[in-house]
Amino acid sequence: YVNNVPHLGNIIGCVLSADTFARYCRLRNWNTLFVCGTDEYGTATETRALEEGLSPQELCDRYHALHADVYTWFRISFDHFGRTTTPQQTRIAQDIFQRLLARGFLLQDTLEQLRCESCGRYLADRFVEGTCPFCGYSEARGDQCDKCGKLINAVELKNPQCKVCRGTPVVTPTQHLFLDLPKLEGRLEAWLEHTWATGDWTANARHITRTWLRDGLKPRCITRDLTWGTPVPLDGFRDKVFYVWFDAPIGYLSITANYTEQWERWWKNPQQ
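Parameters at a glance
Residues numbered from 1 in each chain as written. Predicted model: local features only at pLDDT ≥ 70, side-chain atom pairs only at ≥ 80, totals over all residues. Heavy atoms only, no water. Pairing = 2+ DSSP bridges. Helix = DSSP H or I, 4+ residues; strand = E, 2+ residues; numbered from the N terminus. Salt bridge = Lys/Arg side-chain N within 4 Å of Asp/Glu carboxyl O. Buried < 20%, exposed > 50% of the residue type's maximum accessible area, 1.4 Å probe, protein only.

Visitor: A description of the sheet that holds strand β8 (residues 170–179) should follow, citing residues and the corresponding values.
Guide: Pairing is antiparallel across the open sheet formed by four strands, whose spatial order is β4-β3-β8-β9. Whereas interior strands pair on both sides, the edge strands pair on one side only; in this sheet they are β4 (121–122) and β9 (220–221). Note: strand β3 (residues 106–116) against β4, two bridges, orientation antiparallel. Opposite R115, over in β4, you have Y122 as the bridge partner.

Here is the structure:
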């Protein structure tokens, strides 16, 4: 993630094993592409930018260069080290969104969110603090409590405060777009049964996946009331951006697209 200085744990836990495997593949003369990059959208970036007195783009430019220098110093053998704040990222993410929309895999619903009238903005989870409704910790964030570890919906916080101006936000309804995961449940179950029989899943991965399906898949929100992110190309939602969980994985495709015009041959080749 781009809002920090990479440390040995990041390198060992994230890129070193992939680097080792990429080198092995090249030694076997396998056609190999090793890409990575900085994940630059999201509220963590906005929060850090405020702390450092920079714009989000300035912060990303600074830390992207720093990350690239560190990995070069360690001789990590990326074919391309990219980033998610590129025109290719916007184009591919919006194209995937339009395909989901055209195929009926999106729905609209209303969320209750905290809004700071002084700042004139809805408060994403990291922009609000308050008292944990479970353990009473007074510095819980809008997404989780660091004391008891429980996940929190920001509107559940007691005595919430805007982290920017320390004002008291109010609960306000806002329209959002959701990925209609229940519509995919039957097809997913059939696919899983096939891959469980023929693939090499770990016991833990099987257990977690079965738990999700047992409880039933739920619609998942893919938009946020922010300005820092990939814009949503749909009337009525053009003041929103894609939620980073939807946007960031597409970075692997867009980073490949920034490396080669033949990017689709790497990502759309089911025969290989």
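Visitor: Describe in detail the pattern of salt bridges, supporting the description with residues and values.
Guide: Note that side chains of opposite charge can pair when their charged atoms are close. On inspection of all chains with the given rule, the structure shows 17 salt bridges. One salt bridge connects R83 with D61, and the closest N-O pair in it is separated by 2.8 Å. Of the two residues, R83 is situated in strand β2 (residues 80–83) and D61 in helix α3 (residues 56–73); the sequence distance between them amounts to 22 residues. A salt bridge links R115 to E117, with the nearest nitrogen and oxygen atoms 3.5 Å apart. Exposure remark for E117: the relative accessible area of 52% places this residue in the exposed category. The structure contains a network of salt bridges with shared partners spanning E40, D61 and R83.

By themselves, these observations are geometric and do not establish any function.
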